[in-house]
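Spelled out from the first residue to the last, the chains are:
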Amino acid sequence: MITRLAKASLAAALSVTTLATGAVLATGATATAAPADTPSASAQHVTVSQGGNYPGGFFTTGNMWVSWTTSGTADLTGPTHITLDLPPGVTTDGAMFFPTPPDYTFTTALSPDHRHLEAVFTATRAPGSYNFMKLNLATTPGVPIAGAITATVANPNDSDPTGHISGYDLVSKSHLPATVQAAPAVTGLDTATGPAAGGTAVTVSGSNLANGMVLVGGLPAPGRCTDTACTVTTPAGSGSAPVSVVTPGGTAAAPVTFDYTGTPPTPAAPTIGSLSPASGPAAGGTRVVVSGSNLTYGTVAFGGVPATHVSCGASACTATAPAGAQPGPVGITVTTPGGTSAPATYTYTA
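Presented here is an overview of the structure given in this document. For every chain, the first residue of the written sequence is number 1, and numbering continues from 1 along that sequence. Given that this is a predicted model, residues contribute local features only at a pLDDT of at least 70 and side-chain atom pairs are listed and counted only at 80 or more, while totals for whole chains, interfaces and linings are drawn from all residues. Just so you know, side-chain values use all the structure's heavy atoms and leave hydrogens and water out.

## A look at the pattern of salt bridges
Salt bridges are identified by distance alone: a Lys or Arg side-chain nitrogen within 4 Å of an Asp or Glu carboxyl oxygen. Enumeration over the complete set of coordinates arrives at 1 salt bridge. When the shortest N-O distance is used, the salt bridge between Arg125 and Asp103 registers 3.1 Å. Of this pair, Arg125 sits in the loop between β7 (116–122) and β8 (130–139) while Asp103 sits in the loop between β5 (90–96) and β6 (105–110), and the two are 22 residues apart along the sequence. Summarising the burial analysis for this pair, Arg125 and Asp103 share the class buried. Here a strand is any run of E in DSSP of at least two residues, a helix any run of H or I of at least four, and the numbering for each starts at the N terminus. Exposure classes here rest on a 1.4 Å probe applied to the protein chains alone. A residue is buried below 20% of its type maximum, exposed above 50%, and partly exposed in between.

## Let's talk about the state of the cysteines
Only a pair of cysteine sulfur atoms within 2.5 Å counts as a disulfide in this structure description. Counted by the stated rule, this structure contains 2 disulfides. The disulfide partner of Cys225 is Cys230, and the gap between their sulfur atoms is 2.0 Å. Taking the sign of the S-S torsion, 105° for the link of Cys225 and Cys230, the bridge is right-handed. When sorted by exposure, Cys225 lands in the same class as Cys230, which is buried. Ordering the disulfide-forming cysteines of the protein chain by sequence position, one finds them joined as 1-2, 3-4.

## Some remarks on the sheet that holds strand β21 (residues 243–247)
DSSP bridges decide pairing: two strands pair if at least two such bridges lie between them. Ordered in space as β17-β16-β21-β22, the 4 strands form an open sheet in which the pairing is antiparallel. At either margin of the open sheet sits one strand with a lone partner, and together these are β17 (219–221) and β22 (250–253). Geometrically, the sheet is characterised by an average inter-axis angle of 35° between neighbouring strands, direction not taken into account. Sheet topology note: the strand β16 (residues 213–216)/β21 ladder contains 4 bridges and is antiparallel. From the neighbouring strand, Val216 faces β21, where its bridge partner is Val243. Fitting a line to C-alpha atoms yields each axis, with helices limited to the stretch in contact; the angle taken between N-to-C directions then spans 0 to 180 degrees.

## Quick notes on the nonpolar core
The criterion is simple. A nonpolar core is a set of buried Ala, Val, Leu, Ile, Met, Phe, Trp, Tyr and Cys residues joined through side-chain atoms within 4.5 Å. One finds Val66, Trp68, Leu84 and Met133 to be the most contacted residues of the largest nonpolar core, which totals 27 residues. Secondary structure elements with two or more residues in this core: β2 (44–53), β3 (61–72), β4 (79–85), β5, β7, β8 and β9 (148–154). Every residue pair with non-hydrogen atoms within 4.5 Å of one another is taken to be in contact. Sequence-distant contacts of Val66, that is, excluding residues within four places in its chain, are made with Val48, Ser49, Gln50, Ile82, Leu84, Asn131, Phe132, Met133, Leu135 and Ala151.

Set out below in structure tokens:
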């Protein structure tokens, strides 16, 4: 479920921050001091930061943002997991996230006490891209504000664990020094089979799993992780699906697969409604927005030639046109697990 807030004016400068040396994350994972600042060795890397008008003193309400910025030598792909933990006395009603075009999926889950939020952002983003979510904050009458606000980020294609934890101490009103979460390990699943339609409750056991996201067959499984276990619900799938846990400290694969039984439901077929722009030079390189429906997890082709830098949400894809063989019209199609759309006409110009 995506939770949206009505008012969230923010005023803060970008500040990459992480937890203090030896600090214990709100969800239980132990962090250690981060290594010296060196260039990332990961082709896909994402870092987290936070800022805003935090509550405290005479201010019983506030607002903040949590941002994630990509770097490396390749587009950031796949699901990116973001968590936010608030200390006692501070709550939120959810997150706002509304970039356009909607060439992504973004889901959030908020804990019953309104102090823990998890988000999954699935998109393709070039190095240097910046995304953020906004949140309103409130204080609890009679509960002293003490402790740190902690945000984390993780992506399965990011092998560099630095820059994945951000902390802001509400008492000292300061960002906290950099730390790195210990690498995760997965020891097993309590259930290793279930229907292809999904919906099976699975507990993944291991260590250093806090702030984690479970992937089953590469798809996020909704749920929540503690340091020693993740309790999730399987998405739809088929065959023997690998299971892994992605945390700020890295990614760990389960020693067994999850085996789906039966045939999964067929997703709705993709459709294309419009292109913007609908033409571009035959040399390629034009960034095109493909609007339509049922486009999630899509790939885009121009006259049968795959596009590059493709990112798809339910109602829009962005893609960079490949070079055309010659000037003239070609058909753009989007292919998803539900099939291939009818073509829309794109014209290569001389």
